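This is what each chain is made of:
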Amino acid sequence: MRLPIPSDLSALLHTGLWRSFGSLGIKVATAGLTYLTYVALSRTMTPDEYGHFAFGLAIATVLAIAAGVGQPMAVLRLWPQESVAGQKQAAIAAVRSASMLTILASLVASLGLATIVFVALQFVTIEDTASHFYGAAFLVLPMALAEYNSSALRAQGSLWTALVPRDILWRLALPAAVLGLFALGIVLSGPDALVLSAALLSGMLGLQFWQAMRAGYVLAPTWRGVRAYWQRWGGISRWLMLGALIETAALNADVILVGLMLDLESSGVYFNAFRTAGLMTLFTFAIELVIAPMVAEHYHAGQMRQAQAITALCAWAGFAFSLVIFAGFAFWGEWILSFFGPAYAEGTLVLVLLALGLLFDAATGPSKIVMMMTGHERAYVGIFGIIMGLGFLVQIAVIPTFGIVGAAAANMGARIIAQLAIALWCRQRIGLDTSLFGVFSVRRAVDRPA
């Protein structure tokens, strides 16, 4: 039975859905190539060296998000917001200034990490190597700039130029390089793999910039107007950065914590389980890549029916996809993890627990995106940050006794509570029901003045 869709929403949903399928195609290919990368690395490295890689990648990811200073999310909101207001030059200036901020903050983060490690080693003697910290420092700038460029291009309507260089070409080049070197008898260490990742990603950023300039997209950084931009938008940027940092920490801090409290081999097992569980969110993430600027545009224009219809589409499409993947993990999780090697199959229960938390994430829909795009970033940081922070404290308490299973259970519980809380906030305070029940709110949604 076909659901009746009002004519004024049909074209909007059709465009959003087809662009989402295009985004999904890229993200599915990305997931496959990412999986291939981790399999290639785990199969060609010792478990200890792979643990160094996973630990360093988690640190680089968190620092890259912090170095973004909220600009990837800010540009998704500011470009449509300024464009709707007829301020095209202000939108262009925002993109260029935000790019420069990202570069400067990334350099500070990289140098800061390297300096802290170097100074610490003058006073503390460790049995293990610290090279993976330096390898992570090399990766911060290209990761931060890749995330920002992707957002800036998507805000301007690009999909292929925004996603293909980083999500496809980089992830194709990295496992090919790893396997090629292995065939020549060169086995990479964890730090080597981090530096190789940074070098290849930097090359892909150069290719992306060239493609963007040819297509007429705004991407080039500039010094001019950075101070004025920060004075105007620095307030929301800080909150957007905190929101992105909290979300990233929720996906990566576990790996770091397990590595610190247990050992790097356990960190590698947890890393593979978490990255595998993340496959459930592919469609939700793919749709969010498309709808973020659409939500901002329609919300700030006062078109609440359109905004509600978009969020309902995202919730149902993402949940259906996630449910199918979750069933696969529940029945064949051990077999899936065995691709990384026999030692990683022990993370099956961890995989199922983490996947259950992400299933609730899909059921509550694009609540984070809605809060970020509608000016409620402070509330998101407060609600999600406090709940996930408490979950992190629980992990510290349970890991010594229950190991990686305890870490996964605590993450699952905190994520379920946090997602339900922010979805309820969206419904009560913003007027958009991001959950599966949002489909029943489309007809009742009332437009308001812009």
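Refer to the structure presented above.
Caption draft 1: Representation of the overall build of the protein chain within the structure. Of regular secondary structure, the protein chain possesses 14 helices and 0 strands. Taking 450 residues into account, the globule formula puts the C-alpha radius of gyration at 22 Å, and the protein chain, at 21 Å, falls close to it. Dimensions of the protein chain along its principal axes, counting C-alpha atoms only, are 65 × 50 × 40 Å. Within the protein chain, the proportion of its 450 residues that are buried is 58%. Taking the contacts inside the protein chain whose residues are at least 6 apart along the sequence as the reference set, 85% of them involve residues at least 24 apart. Summed over its atoms, the accessible surface of the protein chain is roughly 18,800 Å², and 69% of this surface lies on carbon and sulfur atoms.

Caption draft 2: How the structure looks around the environment of Glu-247. The residue Glu-247 is located in helix H8 (residues 226–261) in this model. Glu-247 sits in the buried class, given a relative accessible area of 14%. Spatially, the C-alpha atoms of Glu-247 and Gly-389 are 11 Å apart, while their sequence positions differ by 142 residues. Apart from residues lying up to four places away in sequence, Glu-247 is in contact with Lys-368, Tyr-380, Phe-384 and Arg-415.

Caption draft 3: Summary view of the nonpolar core. Formed by 78 residues in total, the largest nonpolar core has its most connected members in Tyr-50, Phe-53, Leu-57 and Tyr-270. Excluding its chain neighbours within four sequence positions, the residues that come into contact with Tyr-270 are Asp-254, Val-255, Val-258, Val-350, Leu-354, Gln-395, Ile-404, Ala-407, Ala-408 and Asn-411. Counting 63 residues, the second-largest nonpolar core is a separate cluster that includes Trp-79, Ile-92, Cys-426 and Ile-430.

Caption draft 4: Expanded view of a nonpolar patch on the surface. Judged by side-chain polarity, Leu-260, Met-261, Leu-262, Ile-386, Leu-390, Leu-393 and Ile-396 come together as a nonpolar surface patch covering roughly 650 Å² of accessible area. Every element with two or more residues in the nonpolar patch is listed here: H8 and helix H14 (377–430). For Leu-262, the position within the fold is in the loop between H8 and helix H9 (264–277). Overall, Leu-262 belongs to the partly exposed group, its relative accessible area being 33%.

Caption draft 5: Region of the structure containing the environment of Gln-308. Assignment of secondary structure puts Gln-308 in helix H11 (residues 304–337). For Gln-308, a relative accessible area of 1% gives the class buried. As a C-alpha pair, Gln-308 and Gly-234 span 74 residues in sequence and 29 Å in three-dimensional space. Beyond its immediate chain neighbours, meaning those up to four positions away, Gln-308 contacts Gly-431, Leu-432, Asp-433, Gly-438, Ser-441, Val-442 and Ala-445. Here Gly-438 takes part through its backbone oxygen, which lies 3.2 Å from a polar atom of the side chain of Gln-308.

Caption draft 6: Region of the structure containing unusual backbone geometry. Positive phi is not limited to glycine here, since Val-69 has a value of about 50 degrees. Turning to its location among the elements, Val-69 is positioned in the loop between helix H2 (47–67) and helix H3 (71–84).

Caption draft 7: Broad picture of the packing of aromatic side chains. Considering all chains together, one arrives at 10 aromatic pairs under this definition. Ring centres 5.0 Å apart and planes at 70 degrees place the aromatic pair Tyr-38 and Phe-271 in the edge-to-face group. One end of the pair, Tyr-38, is in helix H1 (residues 7–44); the other, Phe-271, is in helix H9, with 233 residues separating them in the sequence. Pair check on accessibility: Tyr-38 and Phe-271 agree, each one buried.

Caption draft 8: Representation of the pattern of salt bridges in the model. The tally for this structure, following the rule as stated, stands at 7 salt bridges. As a salt-bridge pair, Arg-166 and Glu-147 come within 2.7 Å of each other at their nearest N and O atoms. Here Arg-166, found in helix H6 (residues 160–183), pairs with Glu-147, found in helix H5 (residues 131–155); they are 19 residues apart in sequence, far enough to count as distant. Relative accessible area serves as the criterion here: at 12%, Arg-166 is assigned to the buried category. When the shortest N-O distance is used, the salt bridge between Arg-171 and Asp-167 registers 3.4 Å. Residue Arg-171 and its partner Asp-167 are located together in helix H6, separated by 4 residues, close to a single helical turn. The class of Asp-167 is buried, set by a relative accessible area of 1%. A network of salt bridges, in which partner residues are shared, links Glu-147, Arg-166, Asp-167 and Arg-171.

Caption draft 9: Inspection of the packing of H2 against helix H7 (residues 190–215) at higher detail. Where H2 meets H7, the closest approach of the two axes is 7 Å, and the angle between their N-to-C directions is 45 degrees. As summarised for this structure, H2 and H7 are arranged oblique, according to the angle between their axes. Mapping the contact onto sequence places Glu-49, His-52, Phe-53, Gly-56 and Leu-57 in H2 and Gly-190, Pro-191, Ala-193, Leu-194 and Ser-197 in H7. Looking at the contact of H2 with H7 residue by residue, the class counts come to 5 nonpolar, 4 polar and 1 charged.

Caption draft 10: Seen up close, the packing of H3 against H8. It is at 9 Å that the axes of H3 and H8 come closest, and there the two elements cross at 125 degrees. Taken as axis vectors, H3 and H8 run oblique relative to one another. Once H3 is placed against H8, the crossing between them reads as right-handed. Listed contacts from H8 to Gln-71, Met-73, Ala-74, Arg-77, Leu-78, Gln-81 and Glu-82 of H3 are Tyr-229, Trp-230, Arg-232, Trp-233, Ile-236, Ser-237 and Leu-240.

Thresholds, definitions, all that
Residues numbered from 1 in each chain as written. Predicted model: local features only at pLDDT ≥ 70, side-chain atom pairs only at ≥ 80, totals over all residues. Heavy atoms only, no water. Helix = DSSP H or I, 4+ residues; strand = E, 2+ residues; numbered from the N terminus. Rg over C-alpha atoms; globule rule 2.2 N^0.38 Å. Buried < 20%, exposed > 50% of the residue type's maximum accessible area, 1.4 Å probe, protein only. Contact = heavy atoms within 4.5 Å. Areas by Shrake-Rupley, 256 points an atom, 1.4 Å probe, with all protein chains shown as cover. Core = buried A, V, L, I, M, F, W, Y, C linked by side-chain atoms within 4.5 Å. Patch = residues over 30% accessible without salt bridge, like charges linked within 9 Å, V, L, I, M, F, W, Y side chains within 5 Å. Salt bridge = Lys/Arg side-chain N within 4 Å of Asp/Glu carboxyl O. Polar contact = N/O pair within 3.5 Å; in protein donor to acceptor, adjacent residues only side chain to side chain. Phe/Tyr/Trp six-rings, centres within 6.5 Å; stacked < 30°, edge-to-face > 60°. Axes fitted to C-alpha atoms, helices over the stretch in contact; angles between N-to-C directions. Parallel < 35°, antiparallel > 145°, perpendicular 65-115°, else oblique. Nonpolar A, V, L, I, M, F, W, Y, C, P; charged D, E, K, R; others polar. Left-handed = near helix turned anticlockwise from the far one by under 90°.

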